[in-house]
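Structural features, examined
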Amino acid sequence: MKTRLSLLALACLAATLPAAAQTATPDNKLEKVEVTGTMIKRLDAETPAPVTILKREDILRTGATSLDELLRMDPSTGAGGLDDLGSGNGFAAGTASISMRGMGSAATLVLINGRRIAPAGVVDPNSGQSTVFNINSIPMSAIERVEILKSGASSLYGSDALAGVVNVILRSDYQGQMIEVNAKQRFDGLFKNQTVNGTVGFGNIADDGYNVMIGAEVYLRDGVNITEAPDLVRSDILTKLYNRLVPSSTSSYPGNLYTYNNGLAGSFRGMLSSECKTQAPYSSTVSTPRCLWDSNQYASYVGEQKRGSVFARGTLRVNAVTQVSAEIMASRVKNEYTDSPTSRSESLTTWGDSQGNTVQYMGLALPANHPQNPTRLASASNPIKLPNSSGGTTTYTKPTVLGLRYRFADIPYGYSTEADNVRMVVSGQTEWNGWDLDGGILHHFQRNTKDLHGRLSLSGLNKVVNDGSYVFGGVNSADVLAIMAPDLHDWGKAQTSSVDLRGSREIGQLAGGAAMLGLGGEFRHESFEVGADPRTAAGDIIGRGIGEASGSRNVAAAYAEVQAPLFKGLETQTALRAEHYTDFGNAVTAKVGAKYKLTDTISLRGSWANGFRAPSLSQISKSSVFSFSSGYRDPRLCPVVDTTNNNCSLSLSTVSLANPDLKPEKSDSYTLGVLFSPTRSTDVIVDGWYIERRGEVDRLSAQEILNRESQFPGMVLRLPTTDGTLGQVFQVRRPYLNLAKTRTSGVDYDLTQRFSLAELGKVRLSLRGTRMLMRKQQDEAGQAAVETLGFYKVPRSKASLSANWSRDAWSVTMTGNYQSGFQTFDAGGTCDSTLVSKGYADLCRMKAWRTLDLSVSYKGFKGIRLSTTIRNLADSRPPLDPNETEVGVTGSVANAYGRYLTVNASYEF
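Residues numbered from 1 in each chain as written. Predicted model: local features only at pLDDT ≥ 70, side-chain atom pairs only at ≥ 80, totals over all residues. Heavy atoms only, no water.

1. Quick look at the pattern of salt bridges
Summed over the entire model, instances satisfying the criterion amount to 49 salt bridges. Put simply, Arg865 and Glu57 hold a salt bridge, and the shortest N to O gap is 2.8 Å. Of this pair, Arg865 sits in strand 46 (residues 864–871) while Glu57 sits in helix 2 (residues 56–62); the two residues are 808 residues apart in sequence, bridging distant segments of the chain. Between Arg613 and Glu665 there is a salt bridge, with its nearest N and O atoms 3.1 Å apart. One end of the pair, Arg613, is in strand 31 (residues 602–613); the other, Glu665, is in strand 34 (residues 665–676), and 52 residues separate them in sequence. Exposure remark for Arg613: the relative accessible area of 1% places this residue in the buried category. Residue class for Glu665 comes out buried when judged on its relative accessible area of 1%. Among the charged side chains, a salt-bridge network with shared partners connects Glu522, Arg524, Glu526, Arg553, Arg577, Glu579 and Asp583. (Salt bridge = Lys/Arg side-chain N within 4 Å of Asp/Glu carboxyl O. Helix = DSSP H or I, 4+ residues; strand = E, 2+ residues; numbered from the N terminus. Buried < 20%, exposed > 50% of the residue type's maximum accessible area, 1.4 Å probe, protein only.)

Following this line, the structure appears as structure tokens:
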């Protein structure tokens, strides 16, 4: 019934203009200019909602070699996106996404040529992300321009467009042959990137009736370990406060001996072997040596990446008003990440399997008869003495099980990710009875795989320890290592298939000009599946989290848009969209916008839109993600904290559970702006914006569910007891719920001034930026809203100031970039106690980051374009992030590249 009412509303919207309005004549036909945020072709690129357009020349000038790098330069993007640099993003490793307005990548819709793409086949429970679009699967050489709609747009594009839309427009009608090379690196040789691409196009649609374009691109990124350049981000502070690149871990190679007591922490009993390369006194008062390990030596600023892609498009003109196109884009992105080899100690580790069963490893211990246990020959007549933490010795008169803290240095630890994309579209455009029609069929398949190395098998480790086949600190065969640490393979896949048809036409004349109507419909099928390696799912990989999901749904949508110039100088835009999802039901969204030309130099514009985000298939369908952590308190069995009560500090399996009763997130967004052009060479654009997002899908923390166990029946699982008493907690289930609310507002500004220097060329000055005014978050209904602006990863301001001089074949651009500082801790939290206690409280706030870029290009040789860009000309180090104690910087707000050079050359023939 609701769907019928929605469709009726669409029909009523289409009838809001006078039925007797005149039909447009061919002479009044609109020129085909497509702008993101409207389905109706228009003459004016400035719509009632703010849109930033990055043209191909602008993109080349930045020197960016990935879409992720390019979009992070835009002031409207903010915290919440994922990067594919050094950390790999855990569950979503190898995925790069974009976030607008600091609202997370799940609130930013990514389109290609105005059509949706399939999400990455990953789940990221650590940050609550769901629908994540991997933007680095799009080759840079295929991009004609990028349009960034900085307003909600669910009424036109459907789910996910809460904060805005990034629409990537691909090249479509190239003629000729071109080869292009790009190389980027620091002046000391680090952070090397190389790109080679080629494009061939032939046929002129107007003259020949067809065009075919084929392109290919290969990109290579070198991995950079922090040991190669440790001082790019305040290595002195990181070393002094957090022992960065200093051997400090007692889980070392060849290891340290400890007492063993069924998973409890033990007492020091000396080194396993004197062959340890990094020995240090046990303490300042005890000179007994112990073996230490540097856990940071494998950390990376960036991981190695290889990208390859091909794209092709063919267009055929059927007649004077009809043409059809077919395009395909295929890519593969491979990332390699390394980390410190895994370690184990004598302490308990708790995790679980995919069925929710708890699995435990009682700690690494050498059996009493193990060939490397120093007490194996102990007896009353042959006592064995081992050192202890007091500086003395402990005597053993019989073989005794000993605990071991050990780093498996002979087993390389890391993982590689691979993302395969195939996107195919067949589309057509024609004119019929006054309608400009555009329709298409799309299929996009994305597969993500993750191969892991160096994770320990519970059964394998127990076997080689018990039979003595693994030699701690010695040489081991490949067969033994394979038993202990089998290679693992996680995978995920997502598919989106759709058919759509939309059209627009003039439906009459109003006082301000021609009124336009757009109508459209879409049917879409989405599927999503993520699976873990069978050994991980069975709980055989010690401490390994598990992500599994499976689901599909159908989506049907109908939408309409009316542009009505009610009187001279006033343009209005009204849009309505109705959708039906086979999992959660219906959604209706609307948008109203207006632009009014007060004078020849001043225009006002504003818009209101409501939006929605459908729960992702990993949140609403059959799925579960297992993770494991320690330090939880059971308030029923530990009403008062007592260090002798195990229920005061539990190691638990926590499970993120899909919830079929989820409702879509909803939003309201507002914009209000002024466009001022006092002269033909001056443009000033200022837009204020406000977004309220409600019912955000997330989970309560495991501790919160423990604290409110009675409100969440069945979510706290306890061991059974025979005497009827309350059993110990072994697992907490965290269902996805419609919980949070976010309100954010700010101001965008774009000022441009152009000068003519006669025969000396032209100068263009521009200032673009965003200043956030408010970002309040409410974690759960009934709780107080907390201001998060100015706290961790939420800078108040981002801006860029550029000056461009061009003359004939030369173009020179200088750009200054600014990002304001922010606290190094989350709102409601406190600064890292280490900083405060060591006298570095000034680092509790990350300072503003300012960089300067220089770009020069020359096109004076026939068919050749040469350009070079120096980013961060002054080699400004990013502000230290004390939360990142290895790398010192987080990729979502800064990078450690320093000054680096990009050189680009293209030859067209």
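Next, the rest of the story.
2. Regarding the sheet that holds strand 1 (residues 51–55)
Strand order in the open sheet made by the 5 strands is 1-4-5-2-3, with mixed pairing throughout. If you trace the sheet from one side to the other, it starts and ends with strand 1 and strand 3 (115–116), each paired once. Bridge analysis of strand 2 (residues 108–112) against strand 5 (residues 164–170) gives 5 bridges, and the strand direction is parallel. Pairing of Val110 across the sheet is with Val166, part of strand 5. (Pairing = 2+ DSSP bridges.)

3. Here's the deal with the nonpolar core
By size, the foremost hydrophobic cluster in this structure holds 53 residues, and its most contacted members are Leu67, Leu70, Leu71, Ile143, Val146, Tyr157 and Val165. If you list the elements that add at least two residues to this core, you get strand 1, helix 3 (67–71), strand 2, strand 4 (143–149), helix 4 (154–157), strand 5 and strand 35 (682–698). Those residues in contact with Leu67, other than ones at most four positions away along the chain, are Ile135, Asn136, Ile138, Met140, Ile143, Val146 and Val168. (Core = buried A, V, L, I, M, F, W, Y, C linked by side-chain atoms within 4.5 Å. Contact = heavy atoms within 4.5 Å.)

4. Overview of the environment of Leu162
When you line up the elements, Leu162 lands in the loop between helix 4 and strand 5. Put simply, Leu162 and Arg680 are 518 residues apart on the chain and 35 Å apart in space, counted from C-alpha to C-alpha.

5. Here's the deal with the environment of Lys595
The topology assignment puts Lys595 in strand 30 (residues 585–597). The spacing of Lys595 and Glu46 is 549 residues in sequence and 9.1 Å in space, taken between C-alpha atoms.

6. Thoughts on the packing of aromatic side chains
Following the criterion strictly, the structure yields 23 aromatic pairs and no others. On the numbers, 5.9 Å between centres and 45 degrees between planes, the contact of Tyr253 with Tyr406 is tilted. In this pair, Tyr253 is assigned in the loop between helix 6 (235–242) and strand 10 (256–259) and Tyr406 in strand 23 (residues 402–407), connecting sequence segments 153 residues apart. Note on Tyr406 and Tyr470: the rings are 6.1 Å apart at their centroids and 80 degrees apart in plane angle, and the pair reads as edge-to-face. With Tyr406 in strand 23 and Tyr470 in the loop between helix 7 (458–466) and helix 8 (478–484), this residue pair connects regions lying 64 residues apart in the sequence. As far as the burial class goes, Tyr406 and Tyr470 line up, both buried. Each residue in the set Tyr253, Tyr406, Phe408, Tyr470 and Phe472 is aromatic and connected to the rest through ring pairs, giving one cluster. Looking at Arg171, its charged tip hangs above the ring of Tyr174, at a distance of 4.9 Å from the centre. (Phe/Tyr/Trp six-rings, centres within 6.5 Å; stacked < 30°, edge-to-face > 60°. Lys NZ or Arg CZ within 6 Å of the ring centre and 35° of its normal.)

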